[in-house]
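Below, each chain spelled out in residue letters.
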Amino acid sequence: MKPEGKESPAISEMSPVPTACVREDGAFVHVNARFTELFGYDADHLPTLAEWIGAAGDGSGKKRGSARSGIDQLLGATAGEPVSVTCSANCRNGTTKTVLASSVRLESGDYLITCRNVPQGLGREDPPKSPLSLFRAVLECTTDAVLAVDHSGRIKLFNRTFVEMWRPPRAAMDARDGESLFAFLRDQMTDPHGFDTRWDSSVDPEEEEASEILELRDGRVIECRSRRQLLDEKSFTRVWIFHDMTDLVMARASFRTWETRSRLLSENLPVGFISSDAAGMITEINKEAEKMLDLAIPQPAGQPSLTDLGPLVEAGVAGAMSRCMETGQSFQGELPYKSKAGRDMCLRLHVAPVKDDHGTVKGCSAVMEDVTDWKRAEALILTARRQKALGQMAGGVAHTFSNFLQLVGTSANMAMTNLELQEYADIKGNLQQIIKSVKSAGETVRRLQHFSRERPRGEVVRSTTFDLSDAVREAVEICRLWSKAELERRHINVSYKVSLASGCLVRGSRDEITEVALNLLKNAVEALPEGGTITVSTAPENDRAVLRVKDDGVGISRANISHITDPFWTSKNSHAGIGLTINFGIVRRHKGTMGVRILKPSGSMFSVKLPCVKSSLPATAPEPAKTEGRTYRILLIDDDRPVVTILGKGLRKKGNTTFVAFSGPEGLDILRKEAVEVVVCDLGMEGMNGWEVSGAVRGLCLKKGIPKPTFILLSGWAGQLPVDEITYHPYVDRILEKPIAIPRLLEIIGEEVAGSDPNRRETGKTT
């Protein structure tokens with residue numbers, strides 16, 4: 001058990017004399033406090049040997065060599081052959097000191113250099129008379145305990161460290177009685193008999209070198225080395241060196257215990273654990289990770305790399321760990337993954353780099369958790385909450401649509417009356433009011449569809465750049481619908497103060513951020529049982545887009561504020577207590593923060609801060625395609641006869657040639673006979689739906705060798721279509737939501753025809 005490289009700074013720090021740790025190239029890596037006191041160098045200002053050492057001698061007091069010779073002597077030391085040099089040393093303040101420097105080489109290849117300041121004049125006027133005097137000076141410099149005993153057992157030399165380490169009887173030391181000292185040392189050992197044997201062999205003049213570990217009754221562990229040395233010109237003496245390894249042994253034992261406990265903990269963790277070195281070779285992987293990813297660890301010699309295991313690559317774990325080591329930054333996120341059994345999974349992954357004392361990345365560790373069941377439970381709770389909210393919104397929606405129908409009916413009756421009176425200007429006003437009411441009703445339906453939409457399992461949430469204010473504005477309108485009927489029934493007045501700044505651009509899922517805003521607004525309404533005011537604002541602040549929702553209601557008690565994000569905790573009856581938990585998860589996934597503040601005298605304010613992004617929109621909008629006066633040959637397919645008939649008449653009024661079909665097969669028959677530029681088809685039809693019609697149109701065009709016409713799909717639930725379903729049907733060029741005005745339809749047709757490739761036969765643009 002010998003000192004290792006990492007222990008060299010610790011050894012030098014514990015030394016009672018000025019001590020430095022130096023590399024083979026002469027660079028200082030550590031100095032202790034006593035070295036700093038003597039020479040002025042510290043951890044932030046470390047010299048090299050060439051900068052520190054001046055002219056050197058051989059210990060006789062006469063300077064005989066250059067600084068280079070002193071360096072060579074100090075770096076010529078070995079583990080068993082220490083070297084001492086008297087030299088001048090340069091201080092950081094520009095002065096010099098004469099020192100006696102001793103060097104010993106450690107197993108790590110570093111050198112441990114101890115030194116003592118030689119008083120002014122020593123080594124010049126009064127040089128040591130013999131090598132023995134110099135040797136005594138070296139003894140007092142070393143950090144180890146040293147004892148010299150001649151072949152007869154008489155004590156010749158010992159240093160202060162020996163006395164401090166062993167506390168021997170003074171009488172034995174004064175009398176230089178080796179036998180008495182031996183008896184004292186023997187009593188300190190846990191194995192006295194073994195010490196007897198070692199002592200007998202060590203005093204044998206034929207024994208060149210011996211080394212042993214001594215265990216003491218007081219718990220200390222001492223490394224003991226002895227070597228035959230020439231003490232004076234006539235006799236050989238055995239020199240003993242004792243090094244206290246207690247702290248090192250205890251540290252190693254603690255490390256082994258920690259290592260064992262860590263391994264046991266890793267094996268019994270309910271989450272997966274993987275670690276790798278800087279080269280990407282796996283150093284540890286627990287059974288839970290193997291089970292989670294269906295890993296088959298190869299058995300041949302040599303450890304596998306991150307890229308050797310396919311599931312690690314497919315799940316994105318290998319890529320995340322590689323990026324972590326490249327950047328030195330931690331990573332956390334959720335990764336979709338399909339297991340070998342075809343099960344859709346969601347893995348929550350945390351990756352962190354492993355760095356040494358110098359900040360160099362030496363590897364990384366990853367912890368992953370299967371949160372698939374939690375996600376499904378969250379989705380079920382969200383669905384239940386939406387269904388409950390839709391039920392609560394039904395009264396408000398009925399009231400709103402009653403108003404719309406009232407406006408439409410009254411305007412239609414007025415139009416009939418004005419027609420009889422030939423008041424044509426008033427008829428136009430009546431019709432404009434009808435169109436306005438229909439648009440408002442359509443917007444209300446769109447919001448309801450957006451709110452009630454359920455994301456299919458396994459659908460990837462796609463990030464887009466959007467204005468936070470637009471998402472909040474939509475949430476406010478949905479909240480009005482949700483609360484309208486209940487508030488009117490209970491005669492409660494809740495007013496809104498809305499201040500939404502433009503330019504609050506963020507990146508992420510607009511649906512999820514709308515959900516966050518809606519949850520905060522609903523909480524604010526529920527906090528106003530007697531009525532009050534809800535203040536909603538958005539604003540860009542520094543590099544963040546900030547949403548604030550404030551109410552003057554009952555507020556949150558300080559005792560409850562720490563629980564508001566706990567799953568299933570609620571202070572309200574008949575609530576699941578999951579809304580703010582979901583909010584917190586969504587905001588965290590968007591790299592944002594959410595906070596709450598208690599207001600005085602009453603109320604609370606929630607704030608959501610999300611990272612701003614630069615606008616992804618072009619500085620100037622592209623010039624719209626010029627379609628005025630252009631007409632088209634349009635095939636209309638819809639099984640709702642009144643709708644398709646009126647739409648056909650409206651398009652013909654604009655000069656277009658229209659063909660009307662009431663089913664998919666009927667539309668394909670028309671396409672076989674007529675040249676068509678555009679197909680406008682409804683999605684939900686009996687027999688053959690719109691997706692199937694788009695594929696059949698493409699196949700028919702391939703068979704006839706003609707370009708595929710522009711294909712536009714109409715649907716009352718276009719906003720609810722999952723991305724995966726749209727991607728799976730690439731022959732649809734545009735998807736439009738009903739209702740749509742004829743001028744707007746023609747405008748979109750013009751855009752699609754102008755932007756299409758007239759020779760396309762394989763695929764259309766998906767939007």
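Above: the structure in question.
Residues numbered from 1 in each chain as written. Predicted model: local features only at pLDDT ≥ 70, side-chain atom pairs only at ≥ 80, totals over all residues. Heavy atoms only, no water.

### Observations regarding empty space enclosed by the protein
One pass over the full model with this rule turns up three cavities of 30 Å³ or more. Roughly 60 Å³ of volume is contained in the largest cavity. In this structure, the largest cavity is lined by Leu636, Ile637, Asp638, Val643, Val644, Leu647, Val680, Cys681, Asp682 and Leu714. Among the secondary structure elements, those contributing two or more residues to the lining of the largest cavity are strand 25 (633–637), helix 19 (641–653) and strand 27 (678–682). (1 Å grid on protein atoms, 1.4 Å probe; cavity = no way out; pocket = protein on both sides within 12 Å on 5 of 7 lines; lining within 4 Å. Points joined across faces, edges and corners; volume = space filled by probe spheres on them. Helix = DSSP H or I, 4+ residues; strand = E, 2+ residues; numbered from the N terminus.)

### Side note on the packing of helix 19 against helix 23 (residues 742–755)
With their axes 10 Å apart at the nearest point, helix 19 and helix 23 run at an angle of 70 degrees to one another. In terms of orientation, helix 19 lies roughly perpendicular with respect to helix 23. Seen along the crossing, helix 19 lies across helix 23 with a hand that is right-handed. Two secondary-structure elements touch here, helix 19 through Leu647, Gly650 and Leu651 and helix 23 through Ile742, Leu745 and Leu746. Grouping the amino acids of the contact of helix 19 with helix 23 by side-chain chemistry returns five nonpolar, one polar and no charged. (Axes fitted to C-alpha atoms, helices over the stretch in contact; angles between N-to-C directions. Parallel < 35°, antiparallel > 145°, perpendicular 65-115°, else oblique. Left-handed = near helix turned anticlockwise from the far one by under 90°. Contact = heavy atoms within 4.5 Å. Nonpolar A, V, L, I, M, F, W, Y, C, P; charged D, E, K, R; others polar.)

### Let's talk about the nonpolar core
With 38 residues, the main nonpolar core has Leu468, Tyr496, Leu520, Leu521, Ile534, Leu547 and Val608 as its most contacted residues. At the level of elements, helix 16 (468–489), strand 19 (494–500), helix 17 (510–526), strand 21 (532–541), strand 22 (544–551), helix 18 (579–589) and strand 24 (604–611) are the ones that each hand at least two residues to this core. The element that contributes the greatest number of residues to this core is helix 16, accounting for nine residues. Ile274, Leu293, Leu295 and Leu349 belong to the second largest nonpolar core, which has 26 residues in total. (Core = buried A, V, L, I, M, F, W, Y, C linked by side-chain atoms within 4.5 Å. Buried < 20%, exposed > 50% of the residue type's maximum accessible area, 1.4 Å probe, protein only.)

### Some words on the environment of Leu700
Along the chain, Leu700 turns up in helix 21 (residues 690–704). C-alpha separation for the pair Leu700 and Leu668, spaced 32 residues apart in sequence, amounts to 8.2 Å. Not counting residues within four places of it along the chain, the set of residues in contact with Leu700 comprises Leu668, Leu671 and Arg672.

### A short note on the packing of helix 20 (residues 664–673) against helix 21
Interaxial distance between helix 20 and helix 21 falls to 11 Å at its minimum, and their mutual angle equals 20 degrees. As the angle between them shows, helix 20 and helix 21 are arranged roughly parallel. In this structure, helix 20 crosses over helix 21, and the sense of that crossing is right-handed. Residues Gly664, Leu668, Leu671 and Arg672 of helix 20 pack against Val693, Ala696, Val697, Leu700 and Lys704 of helix 21. Looking at the contact of helix 20 with helix 21 residue by residue, the classes come out as six nonpolar, one polar and two charged.

### What to know about the sheet that holds strand 17 (residues 361–370)
Pairing in this open sheet of five strands is antiparallel, and the strands run 14-13-17-16-15 from one edge to the other. Of all strands in the sheet, those bounded by a partner on one side alone are strand 14 (282–285) and strand 15 (331–338). Here the average twist between neighbouring strands, direction ignored, is 20 degrees. Bridge analysis of strand 13 (residues 272–277) against strand 17 gives six bridges, and the strand direction is antiparallel. Its bridge partner being in strand 17, Asp277 is matched across the sheet by Gly363. (Pairing = 2+ DSSP bridges.)

### Observations regarding the pattern of salt bridges
By the definition in use, this model includes 21 salt bridges. With its nearest N and O atoms 3.3 Å apart, the salt bridge here joins Arg510 to Glu474. Of this pair, Arg510 sits in helix 17 while Glu474 sits in helix 16, placing them 36 residues apart in sequence. Given a relative accessible area of 5%, Glu474 falls into the buried group. Glu677 is paired through a salt bridge with Arg630; the nearest N and O atoms lie 2.9 Å apart. Of this pair, Glu677 sits in the loop between helix 20 and strand 27 while Arg630 is found in the loop between strand 24 and strand 25, placing the two residues 47 residues apart along the sequence. (Salt bridge = Lys/Arg side-chain N within 4 Å of Asp/Glu carboxyl O.)

### Focus on a nonpolar patch on the surface
The grouping of Met416, Leu419 and Tyr424 at the surface amounts to a nonpolar patch, some 350 Å² of accessible area in total. The residue Met416 is located in helix 14 (residues 372–420) in this model. (Patch = residues over 30% accessible without salt bridge, like charges linked within 9 Å, V, L, I, M, F, W, Y side chains within 5 Å. Areas by Shrake-Rupley, 256 points an atom, 1.4 Å probe, with all protein chains shown as cover.)

### A look at the environment of Pro601
The residue Pro601 is located in the loop between strand 23 (593–598) and strand 24 in this model. As a C-alpha pair, Pro601 and Val554 span 47 residues in sequence and 9.7 Å in three-dimensional space.

### A closer look at the pairing of strand 14
Inspection of the sheet shows strand 13 paired to strand 14 by three bridges, in the antiparallel sense. Its bridge partner lying in strand 14, Ser276 is registered against Ile282. Between strand 13 and strand 14, which pair antiparallel one after the other, the connecting turn spans four residues, and Gly280 there sits at a positive phi close to 85 degrees.

### With respect to the packing of aromatic side chains
Scanning the model with the defined rule gives eight aromatic pairs in all. Between Phe28 and Trp52, the aromatic rings sit 5.9 Å apart at their centres with planes inclined by 70 degrees, giving edge-to-face as the arrangement. Taken together, the positions of Phe28 in strand 2 (residues 28–31) and Trp52 in helix 3 (residues 49–52) put the pair 24 residues apart, joining distant regions of the chain. On the numbers, 4.7 Å between centres and 45 degrees between planes, the contact of Phe35 with Phe39 is tilted. One end of the pair is Phe35 and the other is Phe39, both in helix 2 (residues 33–39) and four residues apart, which spans about a single turn. The class for Phe35 is buried, based on a relative accessible area of 1%. (Phe/Tyr/Trp six-rings, centres within 6.5 Å; stacked < 30°, edge-to-face > 60°.)

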